[in-house]
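One letter stands for each residue in the lines below.
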Amino acid sequence: MVLGLVYAGNCVKNVTAGARVRKICPALLASTTERYENIRPFLGRMFEADAPRFQQMPDIIVGQTCARLETELVWYRWNLLRKVQMDETQAQRTELIGIIDRAVPVCVERMTRGIEGSDVFHLELAAASCPMLKTMRAALDVRAHDVSPWVVAAQLERLIPNSAQVAERRGQ
């Protein structure tokens, strides 16, 4: 009887978390993709040949995590005390870190290429964009921990921008 109640609670939590994931993942992926679209020329200049792979980052990090959660949060799956293995996401994060590591030593040269030496403002602005790589690297370097699918769902929910802002950007 007690086991039946615990299993029922597990199922309810799966359904609830799954519903939240199906709601937030499309919004989160759209928001992240939109931000990357806005900086596409910047990424092309900074990463050159690696830019197409780096531009896939929203799908790599958000899209694949969401897809994994959808398979983990089916109503009948036992998730109490269970952890989701995030090895694939971690391997792809490692690949993106390699792309950033290749860009860091040549960033200033790439970003200032084509700007006249007398244009101090644009030279400084271009060079100032390079420290952002260290921030990106630090964010990607955080290990994708193997945790409960319910915890991953809650973490994704905290990343979603205010839904009113998302709707406003889409013109709804």
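Refer to the preceding data block for the structure.
Figured I'd write up the structure that's included with this text. (Residues numbered from 1 in each chain as written. Predicted model: local features only at pLDDT ≥ 70, side-chain atom pairs only at ≥ 80, totals over all residues. Heavy atoms only, no water.)

### A word on the pattern of salt bridges
- Inspection of the entire model under this criterion finds eleven salt bridges.
- Of the charged contacts, one joins Arg113 and Glu48 as a salt bridge, the two residues approaching to 2.7 Å between their closest N and O atoms. Highlighted residues: Arg113 in the loop between α6 (107-112) and α7 (120-128) and Glu48 in the loop between α2 (40-47) and α3 (51-54), separated in sequence by 65 residues.
- On the basis of relative accessible area, Arg113 is assigned to the partly exposed category, the value being 41%.
- Residue class for Glu48 comes out partly exposed when judged on its relative accessible area of 33%.
- In this structure, Arg77 engages Glu72 in a salt bridge whose closest nitrogen and oxygen atoms are separated by 3.6 Å.
- Three or more residues joined by partner-sharing salt bridges are found here, namely Glu48, Glu109, Arg110 and Arg113. (Salt bridge = Lys/Arg side-chain N within 4 Å of Asp/Glu carboxyl O. Helix = DSSP H or I, 4+ residues; strand = E, 2+ residues; numbered from the N terminus. Buried < 20%, exposed > 50% of the residue type's maximum accessible area, 1.4 Å probe, protein only.)

### Some remarks on the side chain of Ser148
- Residue placement: Ser148 occurs in the loop between α8 (131-141) and α9 (149-159).
- Every residue in contact with Ser148, bar those within four places of it in the chain, is listed here: Arg82, Lys83 and Val84. (Contact = heavy atoms within 4.5 Å.)

### Considering the state of the cysteines
- A complete count under the given rule lists two disulfides for this structure.
- Covalent S-S linkage joins Cys25 and Cys66, the inter-sulfur distance amounting to 2.0 Å. Sign of the S-S torsion, about -85° for the bond between Cys25 and Cys66, identifies this disulfide as left-handed. A residue pair is termed long-range when its members are at least 10 positions apart, and Cys25 in helix α1 (residues 2-38) and Cys66 in helix α4 (residues 57-72) qualify at 41 residues. Judged on exposure class, the residue Cys25 and its partner Cys66 are both buried.
- In this model, Cys107 is linked to Cys130 through a disulfide, with the two sulfur atoms separated by 2.0 Å. Linking Cys107 and Cys130, the disulfide has an S-S dihedral of approximately -90° and is accordingly described as left-handed. On the criterion of sequence distance, the pair formed by Cys107 in helix α6 and Cys130 in the loop between α7 and α8 is long-range, its members being 23 residues apart.
- For Cys107, a relative accessible area of 0% gives the class buried. (Disulfide = S-S within 2.5 Å.)

### Some points on the packing of α4 against helix α5 (residues 87-103)
- At a minimum axis separation of 10 Å, α4 and α5 run at an interaxial angle of 165°. Viewed along their axes, α4 and α5 adopt a mutual orientation that is roughly antiparallel. Every pair of crossing elements has a handedness; the one defined by α4 and α5 is left-handed. Taken together, the residues of α5 that come into contact with α4 (itself represented by Met57, Ile60, Ile61, Gln64 and Thr65) are Glu88, Thr89, Gln92, Arg93 and Leu96.
- Tallied by class, the residues present in the contact of α4 with α5 amount to four nonpolar, four polar and two charged. (Axes fitted to C-alpha atoms, helices over the stretch in contact; angles between N-to-C directions. Parallel < 35°, antiparallel > 145°, perpendicular 65-115°, else oblique. Left-handed = near helix turned anticlockwise from the far one by under 90°. Nonpolar A, V, L, I, M, F, W, Y, C, P; charged D, E, K, R; others polar.)

### Thoughts on α8
- When α8 is considered as a whole, its buried residues turn out to be Leu133, Met136 and Leu140. The buried side chains of α8 occupy one side of the element, clustering within an arc of 65° when seen end-on. Exposed side chains of α8 directed beyond 90 degrees from the buried face belong to Lys134 and Thr135.
- On its buried face, α8 is in contact with α1, α2, α3, α4, α5 and α6. (Arc of directions from axis to C-beta.)

Read these as layout, nothing more, since geometry by itself doesn't imply function.
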